[in-house]
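Reading the structure
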Amino acid sequence: MNLMLAPMEGLVDPIMRDVLTRLGGIDLCVTEFVRVTNVLLPTRTFHRLAPELLNGGKTRAGTTVRVQLLGSDPVCLAENAAKVASLGAPGVDLNFGCPAPTVNRHRGGAVLLTEPELLYAIVSQVRAAVPAQIPVTAKMRLGYEDKSLALECAAALASAGAAELVVHARTKVEGYKPPAHWDWIARIREHVTVPVIANGEVWTVADYHAIRAQSGCERVMIGRGLIAAPDLALRIAGNQSDTPMRWQALMEWLLDFYQQCFTEAGESRYPPARLKQWLGQLKKTYPEASSFFEVIRRETSSGNILRIMQDMSAK
């Protein structure tokens, strides 16, 4: 596995995973986080966020999907990890990177990078609760306010039993502002004995090769870059150019995405909102996304937007 699709709350949902993995080039996905507090979650919660569990833990394209948990209670996380493993999850990922203020205020995500001992306790208890053949992995940032504990946190995760670490090369405070500190990924990779996956600021084929060269990592996780240029993974896998697919070809995939949203939610605000959200990301690569956004900007009827897209796709 060389290229992974990053988990992004409210953006990389089951429909987006389905479309992007069928487009091609993605070797592995991780779900949006499942928030774990102090209860054992019902099966329906896992099936809602990871419907791939009903398909052997894979998307329609056959791409493996690990389930990500977020929380701070080692015992409760372990119990929920055991449950999701029993439901067929091919891997359990632990979130120590989410920068959302609401999540951090409730002691989840990146704020835990201030407590290396707690990181160790969480991973070690989850690892003990999950069958040995199922990997337990972790995603971290370089720290909360600064990078002073980056190496200590990585070592805690690795020594506790994480099979591999994804490192987003920014602190929580840095958010998503460039640059990403790829040199720090290299420092972490040299500090731990488990595989490290590089993540952060990969928007092009050239960026993919650059992050690999600077970090020394063989594998890369891409988030926003794959939303902005949906065929980026396919071009990387095929060692192709940095020229994205044509807009008209992408429209077929946008229509597929929207039809799935419409099937799920019908005449509601959800399908237009999800489409407009994606177009906002696509603007980074396609000027046509801005034009299309203006066409549907004031349209609130899901059915009308579907007919507009079908007409545009037929041209």
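Summarised in this report is the structure supplied together with it. Remember, predicted model here, so these are calculated numbers, not experimental data.

1. Digging into helix H5 (residues 116–129)
The end-to-end C-alpha separation of H5 is 20 Å, in line with the 20 Å expected for 14 residues at 1.5 Å each. Buried within H5 we find Pro116, Leu118, Leu119, Ile122, Val123, Val126 and Arg127. Each buried residue of H5 sits inside an arc of 160° when the element is viewed along its axis, so together they form one side. Those residues of H5 that are exposed and angled more than 90 degrees off the buried face are Glu117 and Ala128. Buried residues belonging to H5 abut helix H3 (74–86), strand S5 (92–96), strand S6 (136–140) and helix H6 (150–160).

2. Things to note about the environment of valine 167
Structurally, the position occupied by valine 167 is in strand S7 (residues 165–168). Under the relative-accessibility criterion, valine 167 is labelled buried at 0%. Separated by 28 residues in the primary sequence, valine 167 and lysine 139 place their C-alpha atoms 6.0 Å from one another. The contacts of valine 167, once residues within four sequence positions are left out, are Met140, Leu142, Ile185, Ile188, Val196, Ile197, Ala198 and Asn199.

3. Quick word on the packing of H6 against helix H7 (residues 182–191)
Put simply, H6 and H7 touch, their axes get as near as 10 Å, and they point 45° apart. In terms of their interaxial angle, H6 and H7 are classed as oblique. Seen along the crossing, H6 lies across H7 with a hand that is right-handed. Of the residues in H7, those touching H6 at Ala150, Leu151, Ala154 and Ala155 are Trp184, Arg187, Ile188 and His191. Taken together, the residues of the contact of H6 with H7 break down into 6 nonpolar, 1 polar and 1 charged.

4. Points about the nonpolar core
Here is a general trend for soluble globular proteins: nonpolar side chains tend to be buried in one another's company. Among the nonpolar cores identified, the biggest contains 99 residues, and Leu69, Phe96, Trp247 and Leu279 are the most heavily contacted of them. In terms of residue count, helix H11 (residues 247–265) provides more of this core than any other element does, 8 residues in total.

5. Thoughts on the pairing of S6
Counting buried positions over the 5 residues of S6 gives 5, a clear majority of the element. Across the two faces of S6 the burial is the same, with Val136, Ala138 and Met140 and Thr137 and Lys139 all buried. Two elements, S5 and S6, share 5 bridges in a ladder whose sense is parallel. Looking at the pairing, valine 92 lines up with valine 136 of S6. Crossover S6 to S7 through H6 is right-handed.

6. What about the pairing of strand S8 (residues 196–199)?
Here S8 shows two buried faces, one formed by Val196 and Ala198 and the other by Ile197 and Asn199. As paired elements, S7 and S8 share 4 bridges and run parallel to each other. Note that in S8 the partner of leucine 165 across the bridge is valine 196. Considered for its hand, the β-α-β crossover made up of S7, H7 and S8 is right-handed. Bridge analysis of S8 against strand S9 (residues 219–222) gives 3 bridges, and the strand direction is parallel. The residue of S9 that forms the bridge with alanine 198 is valine 220. Of the crossover connections in this fold, the one passing from S8 over helix H8 (residues 205–215) to the parallel S9 is right-handed.

7. Observations regarding the pattern of salt bridges
Here the structure, examined in full by the defined rule, presents 15 salt bridges. In this structure, arginine 22 engages aspartate 256 in a salt bridge whose closest nitrogen and oxygen atoms are separated by 2.8 Å. Here arginine 22 is found in helix H1 (residues 14–23), whereas its partner aspartate 256 is found in helix H11, with 234 residues between them in sequence. Across the pair arginine 235 and aspartate 231 runs a salt bridge, and its minimum N-O distance is 3.1 Å. Since its relative accessible area comes to 4%, arginine 235 is described here as buried. Salt bridges sharing partners connect three or more residues here, namely Asp18, Arg22, Arg60 and Asp256.

Parameters and conventions
Residue numbers restart at each chain and count upward from 1, following the sequence in its written direction. In keeping with the model being predicted, local features are shown solely for residues with a pLDDT of at least 70 and side-chain atom pairs are shown and tallied solely at 80 or more, while totals for entire chains, interfaces and linings include all residues. Calculated side-chain values reflect all of the structure's heavy atoms, with hydrogen atoms and water omitted. Put simply, DSSP H or I for four residues or longer makes a helix, DSSP E for two residues or longer makes a strand, and each gets a number counted from the N terminus. One fewer than the residue count of a helix, multiplied by 1.5 Å, yields its expected span. Under the scheme applied here, a residue whose accessible area is under 20% of the maximum for its type counts as buried, over 50% as exposed, and between as partly exposed, the area being computed with a 1.4 Å probe on protein chains only. Relevant arc is that of directions from the helix axis to the C-beta atoms, nothing else. Note on contacts: a residue pair qualifies if any of its non-hydrogen atoms lie within 4.5 Å across the two residues. To obtain an axis, a line is fitted to C-alpha atoms, over the contacting stretch when the element is a helix, and the angle between two such axes runs from 0 to 180 degrees between their N-to-C directions. Angle categories: roughly parallel below 35 degrees, roughly antiparallel above 145, roughly perpendicular from 65 to 115, and oblique for all the rest. In this scheme the crossing of two helices becomes right-handed for a clockwise turn of the near helix relative to the far one and left-handed for an anticlockwise turn of less than a right angle. In the scheme used here, Gly and all other residues not listed as nonpolar or charged are polar, with Ala, Val, Leu, Ile, Met, Phe, Trp, Tyr, Cys and Pro taken as nonpolar and Asp, Glu, Lys and Arg as charged. By convention a nonpolar core is built from buried Ala, Val, Leu, Ile, Met, Phe, Trp, Tyr and Cys residues, the set being connected through side-chain atoms within 4.5 Å. Only when DSSP finds a minimum of two bridges between them are two strands counted as paired. A crossover counts as right-handed when, viewed with the strands pointing away from the observer, the path leading from the first strand over the helix to the second turns clockwise. In the sections that follow, a salt bridge refers to a side-chain nitrogen of Lys or Arg positioned within 4 Å of a carboxyl oxygen of Asp or Glu.

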